[in-house]
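Observations on the model geometry
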Amino acid sequence: MSIILDRPSATLADRQLRADLVERAGKLVPLLAANAKRTEDDRRVPEENIRAIEEAGLLSIMQPRRFGGLEVDFRTKLEVTRELARGCGSTAWATSLMNVCAWFTGLWSAQAQQDVWGENPHNRVAGVFAASGTARVVEGGLVVSGKWGWASGCLHSQWALVGTPPVEGEGKSYDQGMVLIPMADLTIEDTWFVVGMRGTGSNTLAADEVFVPEHRFISVPKMTVGDVATPFTDEALYRSAFVPGAAIILAGPQLGLAQAALDLVLEKAPKRGISYTFYDNQTQAPVVQLAVAKAANLIDTAHLLAYRAAAEIDENAHNGVFPDYTARAKARMDIGQAIVTAREAIRELVTAHGASSFAESSPMQRIWRDSEVASRHAVGNPEISAEVYGRALLGIHEGVTPLV
């Protein structure tokens, strides 16, 4: 079995654009870090952060070029988000989710995409694809009601995509999917009170009898097997497998948080002793030396797993190949393992850094809390992913989740 860490089809121009975008993200790290406490306290990403990210072109990376976007591959998105998370986990998370919702939107029909970006290509999209609420078939479309949490990025978006339950037709359900709705037709309920990722503003969206034209509905079961609505089949990004693409965007913030934790420990170790020992600074202590080695190796492992998954998603999309069930299950496994491996590295570094990691003034406690919360996203659940992959290897392709 061959293992690739970047898609072989990536050109020099692709890699140069990736390096440029990652550099732009890196330049924003000091700003995001300086605003990190305010982001938490306000429970939303400051507009200063959003403006800076948008001006750097990092909120259009998964938008079609037809609307002025950059339409980059998943590896590039992974690296950009990782860089942003080195400064602020909440900002990186909200940015990542708005970007992936732009990718989702690129899977819709041409008319739906025109609705979202035709008049204003700078419109941003937030979303929740968990199906909740009700959807009623009427002439020309659906009438949708319900509540959807947790909608990361909703405080900065003009549109939302939300999951619909099985839609009734002639007395029976005929499909389950997502619909695109202008944010002006929704209410944002302030419900995001959590211990980590506090600044993402991942509140609840509510709809009360909102009419959605038929062209703004898309079938989730069809998307999971590569049957999407976009007619622009030459755009490789939107040929990417739906579930692996939806899952891998969760890994970027974890990679960046882990790197931020390692950077902090390496910076502080020469200036910190270990209480009740003869070690004047942590760099002399084997316990710290071993901890940073283990953590760095875990972070490398997380990157390798995530990069492999991204490479396979991107290369299949480039070649117009839709991966089979086992390949998609393997991607979920890689992504879930990358997320928990990064989380384990952070835990190792918290212990090495010492009890002061939990001082409110320390960035370490925020990194730790952000990681613990974000790594529990249901789509990235490593145990479910392992079950799906194990069953797939044994020839069982159902019984756990439709999201494969």
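Refer to the structure above for everything that follows.
In this text, all values refer to a predicted model and were calculated from it rather than measured experimentally.

Quick look at the side chain of Q113
- Secondary-structure assignment places Q113 in helix α6 (residues 110-117).
- Residue Q113 is classed as buried on the basis of its relative accessible area of 0%.
- A polar atom in the side chain of Q113 sits 2.7 Å from the side chain of R66.
- Non-local contacts of Q113, meaning those with residues more than four positions away in its chain, are made with P64, R66, F67, T105, G106, W108, G118, T230 and F232.

Quick look at the layout of surface pockets
- Size it by volume and the largest pocket reaches roughly 760 Å³.
- As for the largest pocket, its lining consists of 34 residues, of which V128, F129, A130, H377 and V379 are closest to the centre.
- Mapped by element, the contributors of at least two residues to the lining of the largest pocket are α5 (89-105), β1 (125-131), β3 (141-151), β5 (172-182), α7 (220-224) and α12 (363-374).
- Residue classes in the lining of the largest pocket are distributed as 24 nonpolar, nine polar and one charged.

Quick look at empty space enclosed by the protein
- Per the stated rule, a full pass over the model turns up two cavities of 30 Å³ or more.
- Considered as a void within the structure, the largest cavity measures approximately 50 Å³ in volume.
- Around the largest cavity, the lining residues are L59, Q63, M98, N99, A102, W117, N123, R124 and V125.
- When residues in the lining of the largest cavity are grouped by element, the largest group, three residues, is from α5.
- Here the residues of the lining of the largest cavity are counted per class, giving five nonpolar, three polar and one charged.
- When its volume is computed, the second largest cavity comes out at roughly 30 Å³.
- What lines the second largest cavity is simply F74, K77, L78, T81, S96, I248, I249, G252 and P253.
- Counting only elements with at least two residues in the lining of the second largest cavity, the list comes to α4 (74-87) and α9 (251-268).
- If one sorts the elements of the lining of the second largest cavity by residue count, α4 sits on top with four residues.
- Along the lines of polarity and charge, the residues of the lining of the second largest cavity split into five nonpolar, three polar and one charged.

A closer look at α12
- Its 12 residues place the ends of α12 16 Å apart at the C-alpha level, agreeing with the 16 Å of an ideal helix rising 1.5 Å per residue.
- Of all 12 residues making up α12, nine are buried, and the element is well covered by its neighbours.
- Every buried residue of α12 is accounted for by M364, Q365, R366, I367, R369, D370, S371, E372 and A374.
- Packing partners of the buried residues in α12 comprise α2 (36-42), α5, α9 and α11 (325-353).
- With a side-chain oxygen positioned 3.1 Å from the backbone nitrogen of M364, the residue opening α12 is S362.

Calculation notes
- Residue positions are counted from 1 within each chain, in the order its sequence is given.
- Restriction of local features to residues with pLDDT of at least 70 applies here, the model being predicted, together with a cutoff of 80 or more for giving and counting side-chain atom pairs; totals for whole chains, interfaces and linings are based on all residues.
- Only hydrogens and water are removed before side-chain values are computed, so all heavy atoms of the structure are retained for them.
- What counts as a helix is a DSSP run of H or I of at least four residues, what counts as a strand is a run of E of at least two, and both are numbered from the N terminus.
- The buried label applies to any residue whose accessible area, calculated with a 1.4 Å probe on protein chains only, is under 20% of its type's maximum; exposed applies above 50%, and partly exposed to all values in between.
- Here a polar contact is taken to be a pair of N or O atoms separated by no more than 3.5 Å, where protein atoms must pair a possible hydrogen donor with a possible acceptor and residues adjacent in sequence count only if both atoms sit in side chains.
- Should any heavy atoms of two residues lie within 4.5 Å, those residues are considered in contact.
- Both site types are read off a 1 Å grid over the protein atoms alone. A 1.4 Å probe that fits but cannot get out defines a cavity, while an open set with protein on both sides within 12 Å along at least five of seven lines defines a pocket; lining residues have an atom within 4 Å of a point.
- Grid points are joined across faces, edges and corners, and a volume is the space filled by probe spheres set on the points.
- Residue polarity is assigned by list, with Asp, Glu, Lys and Arg as charged and Ala, Val, Leu, Ile, Met, Phe, Trp, Tyr, Cys and Pro as nonpolar; anything else, Gly included, falls into the polar class.
- A helix is expected to span 1.5 Å multiplied by its residue count minus one.

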